[in-house]
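Reading the structure
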Amino acid sequence: MKRALFLLSFCSVILHSNAQTKKVWIDTDILTGKFKKDVDDALAIIMALRDTTIEIVGISVVQNVDYSEKVTEKLLNWYAPTKTIPVYKGSNGKLQAGKWTDASKALVRALENEELHILA
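Now for a look at the structure at hand. (Residues numbered from 1 in each chain as written. Predicted model: local features only at pLDDT ≥ 70, side-chain atom pairs only at ≥ 80, totals over all residues. Heavy atoms only, no water.)

Here's the deal with the sheet that holds strand 1 (residues 22–28)
Pairing between the strands of a sheet comes from backbone hydrogen bonds, and it takes one of two forms, parallel or antiparallel. Spatially, the four strands line up as an open sheet ordered 3-2-1-4, and their pairing is parallel. For this open sheet the edge positions go to strand 3 (87–89) and strand 4 (117–119), each flanked by a neighbour on one side alone. With direction set aside, neighbouring strand axes in the sheet form an average angle of 25°. Here three bridges tie strand 2 (residues 54–61) to strand 3, and the two strands are oriented parallel to one another. Paired with Ile 59 across the strands is Val 87, a residue of strand 3. (Pairing = 2+ DSSP bridges. Helix = DSSP H or I, 4+ residues; strand = E, 2+ residues; numbered from the N terminus. Axes fitted to C-alpha atoms, helices over the stretch in contact; angles between N-to-C directions.)

Looking at the nonpolar core
One finds Ile 26, Ile 30, Leu 49, Ile 56 and Ile 59 to be the most contacted residues of the largest nonpolar core, which totals 20 residues. Mapped by element, the contributors of at least two residues to this core are strand 1, helix 2 (40–50), strand 2 and helix 3 (65–79). The element best represented in this core is helix 2, accounting for five residues. Grouped together as the second largest cluster of nonpolar side chains are six residues, Trp 25, Val 57, Ala 110 and Leu 116 included. (Core = buried A, V, L, I, M, F, W, Y, C linked by side-chain atoms within 4.5 Å. Buried < 20%, exposed > 50% of the residue type's maximum accessible area, 1.4 Å probe, protein only.)

A look at the environment of Val 24
Its location among the elements puts Val 24 in strand 1. For Val 24, a relative accessible area of 0% puts it in the buried group. Distance from Val 24 to Gly 58, taken between C-alpha atoms, is 7.4 Å for residues 34 residues apart in sequence.

Dropping the structure here:
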């Protein structure tokens, strides 16, 4: 269900965009490669990187954050080597729920500067 909502949110931003570039923040639990069938978040990020109507200003990763950060950085290096998109570690599990993380702090800073569409 969560994966379907992420893709639906992503498509919604694209379909409702006008000629102006939309600034987007992606929050993901990307685990591609860890579980053989978990590729949906990676595909959505690749689609977002290729879309000229959006600008990804940041990506936050949750759950297995060390692994997720590495996978996300690899995707960015492969599919957007000329772009600088920061990746931030979020909550690594239930024990960090409700606590400030690098990701939550970065998202707050980004939202203080501009309006963003958040895809989670």
